[in-house]
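What the coordinates show
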Amino acid sequence: MNSSMSPASRFLLNLQKNMKSFPIFIQSLIFVLILAASAFAQTPNSAAMKIGLIDTNVFYDKEKGIREVIAAQEKLDAEFKPKKGELAVLEERIKKIDKELDKFRAAVKEFPQGDYMSLEQTSELYEKLIAEYKQKEEEAKIFYEKRKAEIFVDVYQRVGDAIKQFAKEKSYIIVDWTADDKGMILGDIDDITEPFIKYYNEIYTKLKTQ
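Here's a quick rundown of the structure.

Definitions and cut-offs
- Residues numbered from 1 in each chain as written.
- Predicted model: local features only at pLDDT ≥ 70, side-chain atom pairs only at ≥ 80, totals over all residues.
- Heavy atoms only, no water.
- Helix = DSSP H or I, 4+ residues; strand = E, 2+ residues; numbered from the N terminus.
- Contact = heavy atoms within 4.5 Å.
- Areas by Shrake-Rupley, 256 points an atom, 1.4 Å probe, with all protein chains shown as cover.
- Phe/Tyr/Trp six-rings, centres within 6.5 Å; stacked < 30°, edge-to-face > 60°.
- Lys NZ or Arg CZ within 6 Å of the ring centre and 35° of its normal.
- Pairing = 2+ DSSP bridges.
- Axes fitted to C-alpha atoms, helices over the stretch in contact; angles between N-to-C directions.

For the rest of this paragraph, the subject is the overall build of the protein chain. The secondary structure content of the protein chain amounts to 5 helices and 3 strands. Tracing the protein chain from N to C terminus, the helices and strands come up as α-α-β-α-α-β-β-α. Of the contacts formed within the protein chain by residues at least 6 apart in sequence, a portion of 77% connects residues at least 24 apart. A total accessible area of about 13,700 Å² is found for the protein chain, and carbon and sulfur atoms account for 54% of it.

Have a look at this one:
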């Protein structure tokens, strides 16, 4: 790597190389941050810019996170709860029938000449429930992702705008980096997750009281 590159440029290059390892949502937020970071990195004073890491996973932490993000997640979870419960009930039925099938299979081994019409009927019901579960699981997944996008779209926009404003005020190039990956990064880099969350929660509180 070119030793003449600024710390900001080197870090930005490393981030871009590792983009594929992030979940889709995190990638979208990182993309916004990369655009801002690129602008800073290309300026003559980019070497003087500080690099700050934000672990966006912490945004969802009920004790340490961003209150608006937590509220949005709780709303999503509440809407998803009925479908989750329906899947849980269906899963219990499948487990119960599976145990019945185990008893039938044991009986067949011991008395192979017996009449096992019930085994066939139970097997058919089992396969039917498995198919039903897979269908409902896929429907629930589609519902969850759709509602997540709808519920979080404005929240993510506000958080993204706040990150850019925070970066401008504090002279940071801010990059999302999970806690598990921070050990991979060397150099003079600040973890500013907690200061940013405090910054955003103060803004959110003011907006709620207006």
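So, about the packing of aromatic side chains. Under the counting rule described, the total for this entry stands at 8 aromatic pairs. Plain terms: the ring middles of Phe196 and Tyr199 are 6.2 Å apart, the flat faces sit at 35 degrees to each other, and that makes the pair tilted. Here Phe196 and its partner Tyr199 are both found in helix 5 (residues 193–209), 3 residues apart, which amounts to about one turn of the helix. Through a chain of ring-to-ring contacts, three or more aromatic side chains come together here, namely Phe59, Phe166, Phe196, Tyr199 and Tyr200. Across from the ring centre of Phe143, 5.1 Å away, lies the NZ or CZ of Lys83, which sits over that ring.

As a further point, take the sheet that holds strand 1 (residues 50–54). Strand order across the open sheet formed by 3 strands is 2-1-3, with parallel pairing between neighbours. Looking along the sheet, the strands with just one partner apiece sit at the ends: strand 2 (172–176) and strand 3 (189–191). Strand-to-strand twist in this sheet, taken as the mean axis angle between neighbours without regard to direction, amounts to 30 degrees. Taken together, the 5 bridges between strand 1 and strand 2 define a ladder with parallel strand orientation. Looking at the pairing, Ile54 lines up with Asp176 of strand 2.

Another point: the side chain of Glu68. By secondary structure assignment, the location of Glu68 is in helix 3 (residues 67–110). For Glu68, the residues in contact, after removing those within four places along its chain, are Val155, Arg158, Tyr200 and Tyr204.

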